[in-house]
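These are the residues of each chain, in order.
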Amino acid sequence: MSSIFLLFVSMFIISSAYKLVPPTNYTWPQNTKKLCFAGRFDLVLNVDYVQIDGAKATAKIPLNNDTFESYRVSCTAPDDVHELTLSILNGFTEILLDFSVDSKNITSLTKVYGYITLNDKQTYFKNYSQAIAGIHKFSSNQTLFVTERGNSYRCNTKTIIQGFNTTQNVTVTSIELENLRIQPFVDESTEFNDYGVERVCSTDIDKNSNLIPIIVGACLAVLVVIVLVAYLIGRRRSRNGYQSV
């Protein structure tokens with residue numbers, strides 16, 4: 001009985017050791033401080049597909065410990081494009097993000113594309129029709145996260161990327177990016193210590209602008225309560241003084 005228990009524990013430890021975890025920052029090259037790319041974000045892939053009975057279903061696939069497989073970045077060819085590749089779902093699905101820099105040294109996300117594989121090893125595409133099994137490509141041209149080369153872009157608010165060219169029965173409806181900080185073109189000649197000067201997205205700025213009146217109002221309310229309590233305490237003490245006299 002004890003040997004069976006030990007075997008179970010050892011199998012659990014081995015499986016935990018081989019569980020892949022998304023990095024806090026997607027940096028490249030790895031294991032060095034001289035980088036060409038740095039970024040962090042939360043990602044969700046949304047896919048509509050057809051089930052066995054002909055009904056449509058939606059797979060919502062987050063980038064997390066259960067789905068992440070690996071990542072890599074190409075910073076070499078061509079020089080004006082740095083490409084981040086995210087491999088998920090045991091390597092059967094890949095999402096590629098192309099960041100470009102123009103002649104004025106302005107960087108942006110210009111293309112999002114990749115492929116999805118539907119097979120029996122996938123758990124997110126429940127009861128899918130065998131007629132749609134196989135590889136399905138998707139692609140969308142974008143102009144997002146615009147900033148100057150050497151600077152970074154921050155947007156904690158959710159950015160929804162749409163407009164993908166996909167097949168009729170398997171459709172990437174959107175890719176959601178949230179809590180994003182990206183610097184796609186890092187100066188490789190110096191060591192990377194932190195992200196460059198950030199450009200903040202308008203939605204984050206609007207959120208902060210809306211919070212200021214709320215915070216000021218809350219502070220004033222607290223101040224009024226403090227003054228009122230102090231007044232009541234002082235008034236009570238003065239009454240007690242009169243009574244003692």
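Residues numbered from 1 in each chain as written. Predicted model: local features only at pLDDT ≥ 70, side-chain atom pairs only at ≥ 80, totals over all residues. Heavy atoms only, no water.

Concerning the overall build of the protein
Formally: By definition, any uninterrupted DSSP run of H or I lasting at least four residues is a helix, any uninterrupted run of E lasting at least two residues is a strand, and each is numbered from the N terminus. Whether a residue is buried, partly exposed or exposed follows from its accessible area with a 1.4 Å probe, protein chains only, as a fraction of its type maximum: under 20%, in between, or over 50%, in that order. The contact definition used throughout considers only heavy atoms, calling two residues in contact when any of these lie within 4.5 Å. Accessible surface area values rest on a Shrake-Rupley calculation with a 1.4 Å probe, where residue burial reflects the displayed protein chains alone.
Along the backbone of the protein there are two helices and eleven strands. Helices (α) and strands (β) of the protein occur, in sequence order from the N terminus, as α-β-β-β-β-β-β-β-β-β-β-β-α. Relative to its 245 residues, the protein shows a buried fraction of 37%. In the protein, the proportion of contacts linking residues at least 24 apart, taken out of those at least 6 apart, comes to 58%. When the accessible area of the protein is evaluated, it comes to approximately 15000 Å², of which 56% is carbon and sulfur surface.

Focus on the pairing of strand 10 (residues 170-183)
We apply this condition: Paired strands, as defined in this entry, are two strands with at least two bridges between them according to DSSP.
Where burial is concerned, most of strand 10 is hidden: ten out of the 14 residues are buried. Where strand 8 (residues 152-155) meets strand 10, three bridges bridge the pair, whose relative direction is antiparallel. Bridging from a neighbouring strand, Tyr-153 pairs with Ile-182 of strand 10. Note: strand 9 (residues 159-161) against strand 10, three bridges, orientation antiparallel. In the strand pairing of strand 10, Ile-160 is matched with Glu-176.

Examining the packing of aromatic side chains
The criterion, for reference: When the centres of two rings from Phe, Tyr and Trp lie within 6.5 Å, Trp using its six-membered ring, the rings pair. Their planes under 30 degrees apart give stacked, over 60 give edge-to-face, and anything left gives tilted. Only Lys NZ and Arg CZ are tested; either one counts as a charge over a ring when it is within 6 Å of the ring centre and within 35 degrees of the ring normal.
A full pass over the atoms with the stated rule returns eight aromatic pairs. With centroids separated by 5.3 Å and ring planes inclined at 80°, the aromatic side chains of Tyr-49 and Phe-125 adopt a geometry described as edge-to-face. Here Phe-125 lies in the loop between strand 6 (106-118) and strand 7 (134-148) and Tyr-49 lies in strand 1 (residues 38-50), a separation of 76 residues in the sequence. In terms of burial, Tyr-49 and Phe-125 fall into one category: buried. Three or more aromatic residues link up through ring pairs in this structure, and these residues are Tyr-26, Trp-28, Phe-41 and Tyr-71. The ring of Tyr-113 has Lys-111 sitting right over it, with the charged end atom 4.7 Å from the ring centre.

A closer look at the sheet that holds strand 7
Adjacent strands of a sheet pair through backbone hydrogen bonds, lying either parallel or antiparallel. Applicable threshold: Axis angles are defined between N-to-C directions and span 0 to 180 degrees, where every axis is a line fitted to C-alpha atoms and, for a helix, only to the segment in contact.
Spatial strand order, 3-4-5-6-7: five strands in an open sheet with antiparallel pairing. The open sheet has two free edges, formed respectively by strand 3 (68-74) and strand 7, since each of these has just one partner strand. When the angles between neighbouring strand axes are averaged without regard to direction, this sheet yields 15°. In the sheet, strand 4 (residues 81-88) pairs with strand 5 (residues 93-101) via eight bridges, with the strands oriented antiparallel. Along strand 5, the bridge assignment pairs Ile-88 with Thr-93.

Here's the deal with the confidence of the model for the protein
Detail in the predicted coordinates should be disregarded across regions flagged by low pLDDT. Note the following rule: The predictor attaches a confidence to each residue, and that confidence, scored 0 to 100, is pLDDT.
With 79% of its residues at a pLDDT of at least 70, the protein reaches an overall mean of 85. Per-residue pLDDT stays below 50 along residues 4-18; that stretch engages in zero contacts with residues further than four places along the chain or on separate chains.

Details of the side chain of Ser-100
Rules: What qualifies as a polar contact is a pair of N or O atoms within 3.5 Å, subject to a donor-acceptor requirement within protein and to the restriction that residues adjacent in sequence count only when both atoms come from side chains.
Among the structural elements, Ser-100 can be located in strand 5. Note on Ser-100: relative accessible area 19%, which makes it buried. Within the local environment of Ser-100, its side chain forms a polar contact with the side chain of Thr-110, the two groups lying 2.9 Å apart. If we ignore the near neighbours within four places in the chain, the residues touching Ser-100 are Asp-80, Val-81, Ile-106, Thr-107, Ser-108, Thr-110 and Phe-185.

Some words on the environment of Asn-156
With respect to the helices, strands and loops of the structure, Asn-156 is situated in the loop between strand 8 and strand 9. Considered as a pair, Asn-156 and Val-200 are 44 residues apart in the sequence and their alpha carbons are 8.9 Å apart. Sequence-distant contacts of Asn-156, that is, excluding residues within four places in its chain, are made with Glu-178, Asn-179, Leu-180 and Asp-204.

Looking at unusual backbone geometry
Note the cis peptide between Trp-28 and Pro-29, where omega equals -5°. Within the element layout of this structure, Pro-29 appears in the loop between helix 1 (2-17) and strand 1. In this structure, Phe-145 takes a positive phi of about 60° despite not being glycine. By secondary structure assignment, the location of Phe-145 is in strand 7. Judged by relative accessible area, which is 7%, Phe-145 ranks as buried. Non-glycine residue Asn-179 carries a positive phi angle of around 50°.

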